[in-house]
Amino acid sequence: EGMLSDTEDWLAHISENATIVGPLVRLKGRENFIKIHESWFQSVEKSIVHKLVEQGDFVITQITTTIETSNKQSVAIDFSEWYTIKNGQIEALEVYFDASVLKSMDRNRYDDSR
């Protein structure tokens, strides 16, 4: 809920060894987790949560997020996020989405060949 609230409350809930894995990123550590999210949040225009399921140590979301690309175009991307929570802290996040959308719309930022 903290990450969806557009506040900084979520920062207190990231474990020291948090991991994030997705089509364009594979990082470990609280500082890296926070940096990648802060950078991402700067491009977000809006997010719509379609489903949020909590089950034990897992939170799963289905979200559509509209971002502004580096060339000032808006693009909507459908995400599924799988959070692992332990003792009130985010331990892991796995993100699933079609990365080709970002690679085609925002080539300067996401091109693998650079």
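Anything mentioned here points back to the structure above.
These remarks concern the structure in this document. Keep in mind the model is a prediction, meaning the values are calculated, not measured.

On to the pattern of salt bridges. This structure, assessed with the given rule, holds 2 salt bridges. Between lysine 35 and glutamate 31 there is a salt bridge; the shortest N-O distance is 3.1 Å. Of this pair, lysine 35 and glutamate 31 both sit in helix α1 (residues 30–43), 4 residues apart, which is roughly one turn of that helix. A relative accessible area of 54% means that glutamate 31 is categorised as exposed. Its salt-bridge partner being glutamate 68, residue lysine 72 comes within 3.4 Å of it at the nearest N-O pair. A residue is classified by how much of its surface remains accessible, and lysine 72, at 62% relative accessible area, is exposed. With a relative accessible area of 31%, glutamate 68 lands in the partly exposed category.

This part covers the nonpolar core. Judged by nonpolar contacts, the single largest core of 19 residues is most densely connected at Trp10, Ile14, Phe33, Ile77, Leu93 and Phe97. For this core, the secondary structure elements donating two or more residues are β1 (14–22), α1, β4 (58–68), β5 (74–86), β6 (89–96) and α2 (99–105). For this core, the element with the highest residue contribution is β5, accounting for 4 residues. Here isoleucine 14 is in contact with Arg30, Phe33, Ile34, Gln89 and Ile90, once residues within four sequence places are set aside.

Evaluated as defined, the whole model comprises 3 aromatic pairs. Judged by centre distance (5.6 Å) and plane angle (90°), the ring pair of tryptophan 10 and phenylalanine 41 falls under edge-to-face. Taken together, the residues span a long stretch of sequence, with tryptophan 10 in the segment before β1 and phenylalanine 41 in helix α1 at a distance of 31 residues. Exposure remark for tryptophan 10: the relative accessible area of 4% places this residue in the buried category. Where phenylalanine 79 meets phenylalanine 97, the ring centres are 4.8 Å apart and the plane angle is 50°; that geometry is what we call tilted. Taken as a pair, phenylalanine 79 in strand β5 and phenylalanine 97 in the loop between β6 and α2 lie far apart in primary sequence, 18 residues in all. Phenylalanine 79 gets classed as buried once you look at its relative accessible area, which sits at 9%. Judged by its relative accessible area of 18%, phenylalanine 97 falls in the buried class. These aromatic residues form a ring-pair network of at least three members: Trp40, Phe79 and Phe97.

Reading the values: rules and limits
Residues take numbers from 1 onward in each chain, read along the sequence in its written order. Reporting of local features is limited, given that this is a predicted model, to residues whose pLDDT is at least 70; pairs of side-chain atoms are given and counted only at 80 or more, and all residues count toward the totals for whole chains, interfaces and linings. Each side-chain value is worked out from all heavy atoms of the structure, with water and hydrogens disregarded. Throughout this description, the term salt bridge denotes a Lys or Arg side-chain nitrogen within 4 Å of a carboxyl oxygen of Asp or Glu. In DSSP terms, a helix is any run of H or I states spanning at least four residues, a strand is any run of E spanning at least two, and both are numbered starting from the N terminus. Residue burial is assigned from relative accessible area. The probe radius is 1.4 Å, only protein chains are included, and a residue is buried under 20% of its type maximum, exposed over 50%, and partly exposed in between. Nonpolar cores are built from buried Ala, Val, Leu, Ile, Met, Phe, Trp, Tyr and Cys residues. Side-chain atoms within 4.5 Å join them into one set. Whether two residues are in contact is decided by their heavy atoms: any pair within 4.5 Å suffices. Centres within 6.5 Å make a pair out of two Phe, Tyr or Trp rings, where for Trp the six-membered ring is used; the pair is then stacked when the planes are under 30 degrees apart, edge-to-face when over 60, and tilted otherwise.

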